[in-house]
Amino acid sequence: QVMDAIRRFALDLIDSTTDWHSLRQNSVRRYHSERIDYICLSRTEQLTVKIYDIRGGPGFLVGPHNHRYNFQTFVLQGAMANITFDERHNDDPIAAMRAGKYRYSPISRQFVSQQSELVKLYQMWGPMLGDAQSYTLHHKEIHTIYVPVDSILLLFQHADQPGVEETDFYSLDAVPPKLDG
């Protein structure tokens, strides 16, 4: 029932779209990765609605990162797991990964600095989600997504948080992550 309501909502948004130029202008192919395309169904200051088409077999979509906004993601078709991370600056033996932390400007789509701060990340896998399941993420949470099969996701992106203009990206390599698809 929930899934039918979500699908109807997305189809209604597509049906009600009269500004196809705006839809095309706000949609992106190969977003941060060759595997990710999205269609932006609606964009306002308070709420943006996107459908993500993810293909290319199992794998992580991008490196760990946070956002300027809170959001909720629904699996329309396929499966995914949201993996969160806890950043630790001390010598905590539980922290399994050393990562470079880079500041990123989503507005300019560029890294603010090529220098990184070395941090430790503790990884926490969320459950594998299937059709009609969802998760919610707070803007400060560090996460990435694992997708085991080709999937279609619906995202409700809430208003940008006041004063949050840059986000953090983490890389296990000695260079900033590649985000240009």
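Source: prediction; values computed, not measured.

### Digging into the nonpolar core
Here's step 1: By size, the foremost hydrophobic cluster in this structure holds 17 residues, and its most contacted members are Tyr-52, Met-80 and Tyr-135.
Here's step 2: For this core, the secondary structure elements donating two or more residues are β1 (36-43), β2 (47-54), β4 (69-77), β9 (134-137), β10 (142-147) and β11 (151-160).
Here's step 3: Apart from residues no more than four positions distant in its own chain, Met-80 is found in contact with Thr-73, Val-75, Pro-127, Met-128, Leu-129, Tyr-135, Ile-145, Tyr-146, Val-147, Pro-148 and Leu-153.
Here's step 4: Formed by 10 residues, the second largest nonpolar core is a distinct cluster that contains Ala-81, Ala-99, Val-119 and Leu-121.

### Concerning the pattern of salt bridges
Here's step 1: Using the criterion set out here, one finds six salt bridges in the structure.
Here's step 2: The salt bridge involving Lys-101 is made with Glu-87; its shortest N-O contact spans 3.4 Å. Here Lys-101 is found in strand β6 (residues 97-105), whereas its partner Glu-87 is found in strand β5 (residues 80-88), with 14 residues between them in sequence. Each member of the pair, Lys-101 as well as Glu-87, carries the same accessibility label: buried.

### A short note on the confidence of the model for the protein
Here's step 1: Confidence along the protein averages 81 in pLDDT terms, with 75% of residues attaining 70 or more.
Here's step 2: Confidence, expressed as mean pLDDT per element, reaches its minimum in the protein at helix α2 (residues 20-25) with 65 and its maximum at β9 with 96.

Criteria and thresholds
Residues numbered from 1 in each chain as written. Predicted model: local features only at pLDDT ≥ 70, side-chain atom pairs only at ≥ 80, totals over all residues. Heavy atoms only, no water. Core = buried A, V, L, I, M, F, W, Y, C linked by side-chain atoms within 4.5 Å. Buried < 20%, exposed > 50% of the residue type's maximum accessible area, 1.4 Å probe, protein only. Helix = DSSP H or I, 4+ residues; strand = E, 2+ residues; numbered from the N terminus. Contact = heavy atoms within 4.5 Å. Salt bridge = Lys/Arg side-chain N within 4 Å of Asp/Glu carboxyl O. pLDDT = per-residue confidence, 0-100.

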